[in-house]
Amino acid sequence: QVQLVESGGGLVQPGGSLRLSCAASGVIVNIPTMGWHRQAPGKQRELVATVTRSGSTNYPDSVKGRFTISRDNARNTVYLQMNDLKPEDTAVYYCNADITTISPLSTNNYWGQGTQVTVSS
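So, a few notes on the structure that sits alongside this text.

Reading the values: the criteria
- Throughout this description, residue numbers start from 1 for each chain and increase along the sequence as written.
- Two thresholds apply to this predicted model, a pLDDT of at least 70 for residue-level local features and 80 or more for giving and counting side-chain atom pairs, whereas whole-chain, interface and lining totals are computed over all residues.
- Only hydrogens and water are set aside when side-chain values are computed; all heavy atoms of the structure are taken into account.
- Comment: elements are numbered from the N terminus, with helices defined as DSSP H or I runs of at least four residues and strands as E runs of at least two.
- We take the radius of gyration over the C-alpha atoms and set the globule estimate at 2.2 Å times the residue count to the 0.38 power.
- Here the term buried applies to any residue with accessible area under 20% of the maximum for its type, exposed to any over 50%, and partly exposed to those in between, with areas from a 1.4 Å probe on protein chains only.
- Residues count as neighbours in contact if any of their non-hydrogen atoms are within 4.5 Å of one another.
- Each accessible area is a Shrake-Rupley result for a 1.4 Å probe, and residues are judged covered by the shown protein chains and nothing else.
- Under this rule, positive means Lys or Arg and negative means Asp or Glu; His and the chain ends count for nothing.
- To locate a charge, take atom NZ for lysine, CZ for arginine, CG for aspartate or CD for glutamate.
- Within 3.5 Å is the distance limit for a polar contact, defined as a pair of N or O atoms, with the added protein rule that one can donate a hydrogen and the other accept it, and that residues adjacent in sequence qualify only through two side-chain atoms.
- What makes a salt bridge here is a side-chain nitrogen of Lys or Arg within 4 Å of a carboxyl oxygen of Asp or Glu, nothing more.

Some remarks on the overall build of the protein
Scanning the protein from N- to C-terminus turns up zero helices and 11 strands. Going from N to C terminus, the protein has its helices and strands arranged as β-β-β-β-β-β-β-β-β-β-β. Against the 2.2 N^0.38 benchmark of 14 Å for 121 residues, the protein shows a C-alpha radius of gyration of 14 Å, consistent with a compact globule. Relative to its full complement of 121 residues, the protein shows a buried share of 40%. Nonlocal contacts in the protein, meaning residues at least 24 apart in sequence, comprise 55% of its contacts between residues at least 6 apart. When the accessible surface of the protein is totalled, it reaches about 6,300 Å², and 47% of it is carbon and sulfur. Of the charged side chains in the protein, 10 are positive and 8 negative, and the gap between their average positions amounts to 3 Å.

Focus: the side chain of R38
Topologically, R38 is positioned in strand β4 (residues 28-39). At 2.6 Å, the side chain of R38 forms a polar contact with the side chain of E46. Side-chain polar atoms of R38 contact the side chain of D89, separated by 2.9 Å. When sequence neighbours within four positions are dropped, the list of residues in contact with R38 reads Q44, R45, E46, V48, S62, V63, F67, E88, D89, A91, V92 and Y93.

Topic: the pattern of salt bridges
Opposite charge on two side chains permits pairing when their charged atoms draw close. Counted according to the given criterion, the structure contains six salt bridges. Of the charged contacts in the structure, one is a salt bridge between R38 and E46, with a shortest N-O distance of 2.6 Å. Taken together, the shared-partner salt bridges connect R38, E46, R66 and D89 into one network.

Below, the structure written as structure tokens:
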């Protein structure tokens, strides 16, 4: 059974930094893409960043230049370094990954349980 477990959320002042981590566990063959989404109260879930196994990244303009996504393929772990945080970054952040399992041999999309990030003075 595949699980994604996030950590690293919390309360930070505007301009501060946080680092989120998400580790995938289970009998995993491959993880083509890993990423982060977020959902603020009353808003739709939105993409924050994605990274492929080879290291190609993608960000929306709202976080470009402030957030950096990276991954450790040996540990099946993805990270999100968030700098210069703003109050509008406040949301529940969800880890997301396309994961190939061996039994059955298939690729499916998985989500973590979410971690709260609050940016406030």
